Amino acid sequence: MYTRYKVVNKNRGIRKAIIPLLILGAVLYGGYRYRHHLQFWKYTSNKLNKKIEAAAKMKNRARRQEELQQLAGDMDRNKASNLTDADAYFNSGRVHYQLGESYLPGTFTELVINGKSTDVPPLARREFLIVLKDVKKGVSLTRKGRAGMEQAMMLAKAAYYADYMEAGEIKKILVDSGGAEDMSDPEDFRFYSILMILNKEEDRSIKLLTDHPEAVRGVQGKLFLATCEKIGRQYTNSIIHFTEVLNTTNDDDIRKLVRMNLGEIYYTQSLYQESLAQFMSASEIDGENLDIKLWLVKGYSAIGDKLKAREVLNQVLLKDKDNPEAKSLLGAL
């Protein structure tokens, strides 16, 4: 009897040990099997917004990109698990948009001011194409089947950066979602103004900017306004606003930028002496800048000083013998 009871007690002990292990194993397997669902942290909108905003504000670009890449992966997994959830696609689109922007060499305003708004790196373009797919899918899953301004702006900017559609089509995305009346961010007004210029609505573009003082406030805002006026061929006003910036800053980079813009405007108006004076001033700030030297070559050539033009052109070719514009100018001389 003693032996039999001992065996029974032993089996019970084994069962007691095995059952918790089985439960633990099931929990661990379930946790592993559905780890991506658990890793999504059961986000609320506020938590998600804070996470994205915190990543976007990181000053270290490499760290910002790393954080956004991790978030993008989480959003992609959540999207794949919620194929009929519009918010899953919008959240994914938002993170991929931030990641795409992190690959750009500046904000939209900075890119326009520096004449580089179409210089989009391949990594950035790839992210913006994902944004287009995600936001379109999200819109199709909403009850109204129509984008709100936040989603429309993401869609429009992504299409612009990815060179995905014509400016008129991009503008229509924003018009259909409320247009300028539903905008509040100065950067959005600036983006919309560029779309207007590309659609040959120069006067309306400048009016949009001047009707919203926050869009033209400060040095950057005034530079953007002057640049838009230059693009829209409103040269007199552009010269006035560029000169105002020139008279209020000691920043050499800004002064060089303004001098180059003024030089281009004067050259376009066949005021070659005035153009040369601006580029010479720019060259005093940055004597190694090849773009400035090439403009000097054009200016000297325009006033008939071929000797000086060749002298400056040779300086360019010594530094960049394969420069296509320099070769073209050499042929003209």
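Just above sits the structure.
Just so it is clear, the structure is predicted and the values come from calculations on it, not from any experiment.

1. Here's the deal with the packing of aromatic side chains
In the structure shown here, the tally under the stated rule is 11 aromatic pairs. Measuring from centroid to centroid gives 5.8 Å for Y160 and Y161, while their planes differ by 70°, and the two rings are edge-to-face. The burial state of Y160 is the same as that of Y161; both residues are buried. Their ring planes at 75° and their centres at 5.3 Å tell us that Y267 and W295 sit as a pair that is edge-to-face. You can see Y267 sitting in helix α14 (residues 252-268) and its partner W295 sitting in helix α16 (residues 290-302), a full 28 residues away along the chain. By relative accessible area, which is 24% here, Y267 ends up partly exposed. In this structure an aromatic cluster arises from ring pairing among Y97, F108, F128, Y160, Y161, F191 and F224. Above the plane of the ring of W295 lies K298, whose end atom (NZ or CZ) is 3.9 Å from the centre.

2. Describing helix α9 (residues 167-176)
Of all the residues in α9, the buried ones are A167, I170, K171, I173 and L174. Taken around the axis of α9, the buried residues stretch over an arc of 145°, which confines them to a single face. The inward-facing, buried residues of α9 abut α8 (149-161), α10 (186-198) and α11 (202-210). One or two steps after α9, the chain reaches G178, where phi turns positive at roughly 125°.

3. Examining unusual backbone geometry
Positioned with a positive phi, K200 is a non-glycine residue whose angle comes to about 60°. Inspection of the secondary structure puts K200 in the loop between α10 and α11. Phi is positive for R233, close to 65°, though the residue is something other than glycine. Relative to the assigned elements, R233 resides in the loop between α12 (218-231) and α13 (235-246). Owing to a relative accessible area of 55%, R233 belongs among the exposed residues under this scheme.

4. Digging into the nonpolar core
The biggest cluster of nonpolar side chains holds 70 residues, and the ones touching the most others in it are L174 and F191. The leading source of residues in this core is α8, at 10 residues. If sequence neighbours within four positions are ignored, F191 has contacts with F108, M153, A156, K157, Y160, I170 and L174. Residues V297, Y300, L313 and L317 belong to the second largest nonpolar core, which totals 18 residues.

5. Focus on the pattern of salt bridges
Under the counting rule described, the total for this entry stands at 19 salt bridges. E201 is the partner of R204 in a salt bridge, and the nearest nitrogen-oxygen pair spans 2.5 Å. Each of D76, K79 and D134 takes part in a single network of salt bridges with overlapping partners.

6. Some points on the layout of surface pockets
Computed from the structure, the largest pocket encloses a volume of approximately 810 Å³. Taken together, 27 residues line the largest pocket, and the ones lying closest to its centre are Y97, Q98, E101, K157 and D185. Broken down by secondary-structure element, the contributors of at least two residues to the lining of the largest pocket are α3 (45-56), α4 (61-81), α5 (86-102), α6 (108-113), α8 and α10. Of the residues contributing to the lining of the largest pocket, the split by class is nine nonpolar, five polar and 13 charged. Taken as a whole, the second largest pocket encloses approximately 590 Å³ of empty space. If you go around the second largest pocket, you meet 22 residues; those closest to its centre are I113, N114, G115, L257 and N261.

7. Regarding the environment of P213
Mapped onto the secondary structure, P213 falls in the loop between α11 and α12. A relative accessible area of 45% places P213 in the partly exposed class.

Definitions and limits used
Residues numbered from 1 in each chain as written. Predicted model: local features only at pLDDT ≥ 70, side-chain atom pairs only at ≥ 80, totals over all residues. Heavy atoms only, no water. Phe/Tyr/Trp six-rings, centres within 6.5 Å; stacked < 30°, edge-to-face > 60°. Buried < 20%, exposed > 50% of the residue type's maximum accessible area, 1.4 Å probe, protein only. Helix = DSSP H or I, 4+ residues; strand = E, 2+ residues; numbered from the N terminus. Lys NZ or Arg CZ within 6 Å of the ring centre and 35° of its normal. Arc of directions from axis to C-beta. Contact = heavy atoms within 4.5 Å. Core = buried A, V, L, I, M, F, W, Y, C linked by side-chain atoms within 4.5 Å. Salt bridge = Lys/Arg side-chain N within 4 Å of Asp/Glu carboxyl O. 1 Å grid on protein atoms, 1.4 Å probe; cavity = no way out; pocket = protein on both sides within 12 Å on 5 of 7 lines; lining within 4 Å. Points joined across faces, edges and corners; volume = space filled by probe spheres on them. Nonpolar A, V, L, I, M, F, W, Y, C, P; charged D, E, K, R; others polar.

Distances and angles like these do not, on their own, reveal function.
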